[in-house]
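# Structural characterization, general
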Amino acid sequence: MNLITKAKIFGEVKCHMYTIEWQKRGLPHAHILIWIKDSLHVHRVDDFISAEIPNPQEDPDLFSIVMKQMVHGPCGSVKPHSPCMKDGICTKRYPRHFLKETQTGQDGYPLYRRRSSQDGGFSVNINFRGSEVSVDNTWIAPYCPLLKIFNAHINVEYCNSLKSIKYVCKYVNKGSDMAVFQLTSGENDLNEIHQYQMGRYISSNEAVWRILNFPIHERHPTVIHLSVYLENGQ
């Protein structure tokens, strides 16, 4: 967040919000949403976000990080039982289509430039389950050069609709993904504490995060809705 708000790697930030989420395997990751002062035109998206394999000769460090951290799958026919597969189709819509230039998308995210080898894109053979698999730009998740600082999976998207903003905001109030029900004899023996514990899942990583009082959610500037009390009413 210091790199984004103080170092201004994307430009001056007007406001921001983020939420830390834990997967069932206990891996924490942050969903960050920022509003920059100067609106980013779709023609400038390529200056900040890339969905292509970098040139291995010009930037070998970024190339190795992208091939290690930002390649989706491979799934499909290579790995039909991948977690992202449903009814034989990748739910993350990979592999994507080749594009010569970035275009405005229909679902809140633009269609990023993904050049084929004929248009100057790169294709790399990687070792996957003991066999060589060819990976091109259709398998790359969007990223920015911030990767070189952290050497981690950092997916960067350009949000241009409320749909993509709501995706981040839902994690603030994301409820339990577990349902519990029971049959009783009619007596009122409801144990709310037990029900809460049954639907609550906290991994050891999240428990340590909370014990050490690390931030889980932040908004800046913070806007809170205040109720107005009227005479003889509320």
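Conventions adopted
Residues numbered from 1 in each chain as written. Predicted model: local features only at pLDDT ≥ 70, side-chain atom pairs only at ≥ 80, totals over all residues. Heavy atoms only, no water. Helix = DSSP H or I, 4+ residues; strand = E, 2+ residues; numbered from the N terminus. Rg over C-alpha atoms; globule rule 2.2 N^0.38 Å. Contact = heavy atoms within 4.5 Å. Areas by Shrake-Rupley, 256 points an atom, 1.4 Å probe, with all protein chains shown as cover. Lys, Arg positive; Asp, Glu negative; His and termini not counted. Charge placed at Lys NZ, Arg CZ, Asp CG, Glu CD. pLDDT = per-residue confidence, 0-100. Buried < 20%, exposed > 50% of the residue type's maximum accessible area, 1.4 Å probe, protein only. Salt bridge = Lys/Arg side-chain N within 4 Å of Asp/Glu carboxyl O. Disulfide = S-S within 2.5 Å. Pairing = 2+ DSSP bridges. Phe/Tyr/Trp six-rings, centres within 6.5 Å; stacked < 30°, edge-to-face > 60°.

## A look at the overall build of the protein chain
The helix and strand inventory of the protein chain stands at seven helices and seven strands. Taken over the C-alpha trace, the protein chain has a radius of gyration of 22 Å; the compact-globule value for 234 residues is 17 Å, which it surpasses by more than 25%. Residue pairs at least 24 apart in sequence account for 59% of intrachain contacts in the protein chain once pairs closer than 6 positions are excluded. Summed over all atoms, the accessible surface of the protein chain reaches about 16,700 Å², with 52% contributed by carbon and sulfur. Taken as two groups, the 26 positive and 23 negative side-chain charges of the protein chain have centres that lie 1 Å from each other.

## A few points about unusual backbone geometry
Across the junction of G73 and P74, the peptide omega takes the value 0 degrees, indicating a cis bond. Relative to the helices and strands, P74 resides in the loop between helix 3 (60-69) and strand 3 (85-86). Put simply, Y94 and P95 share a cis peptide bond, and its omega is -5 degrees. Structurally, the position occupied by P95 is in the loop between strand 4 (89-90) and strand 5 (124-128). Even without being a glycine, K8 presents a positive backbone phi close to 55 degrees.

## Focus on the confidence of the model for the protein chain
Confidence in the prediction for the protein chain averages 83 pLDDT; 91% of positions are at 70 or higher. Considering each helix and strand of the protein chain separately, the mean pLDDT is smallest for helix 5 (residues 162-169), with a value of 70, and largest for helix 3, with 92.

## Some details on the environment of W209
Along the chain, W209 falls in helix 7 (residues 204-211). Exposure remark for W209: the relative accessible area of 23% places this residue in the partly exposed category. Sequence spacing of W209 and P28 is 181 residues, and the spatial spacing of their C-alpha atoms is 9.5 Å. Residues contacting W209, with those up to four places away along its chain left out, are I20, W22, P28, F214, P215 and I216.

## Some points on the pattern of salt bridges
All chains considered together, the criterion is met by five salt bridges. The partner of E12 in a salt bridge is K37, with the nearest N and O atoms 3.9 Å apart. On the criterion of sequence distance, the pair formed by E12 in the loop between helix 1 (2-5) and strand 1 (13-22) and K37 in the loop between strand 2 (28-36) and helix 2 (45-48) is long-range, its members being 25 residues apart. Here R210 and E206 are joined by a salt bridge, their closest N and O atoms 3.0 Å apart. Here R210 pairs with E206, and both are found in helix 7, just four residues apart, close to one helical turn. Exposure remark for R210: the relative accessible area of 35% places this residue in the partly exposed category. Through salt bridges that share partners, E52, R113 and R115 make up one connected network.

## Remarks on the state of the cysteines
Tallied over the entire structure, the rule returns zero disulfides. With no disulfide of its own, C75 has C84 as its nearest cysteine by sulfur position, at a separation of 3.7 Å. Residue class for C75 comes out buried when judged on its relative accessible area of 2%.

## Observations regarding the pairing of strand 5
Side-chain alternation along strand 5 places V124, I126 and F128 on a buried face and N125 and N127 on a face that remains uncovered. Pairing between strand 5 and strand 6 (residues 131-135): five bridges, direction antiparallel. Bridging across to strand 6, N127 finds its partner in E132. The hairpin turn running from strand 5 into strand 6, its antiparallel successor, is two residues long, and R129 in that turn takes a positive phi close to 55 degrees.

## A word on the packing of aromatic side chains
Taken as a whole and assessed by the stated rule, the structure comprises three aromatic pairs. Ring centres 6.2 Å apart and planes at 45 degrees place the aromatic pair F10 and F48 in the tilted group. Taken as a pair, F10 in the loop between helix 1 and strand 1 and F48 in helix 2 lie far apart in primary sequence, 38 residues in all. For F10, a relative accessible area of 16% puts it in the buried group. Seen from their ring centres, W22 and W209 are 5.4 Å apart, and the 85 degrees between their planes marks the pair as edge-to-face. You can see W22 sitting in strand 1 and its partner W209 sitting in helix 7, a full 187 residues away along the chain. A connected cluster of aromatic rings, assembled from ring pairs, spans W22, W209 and F214.

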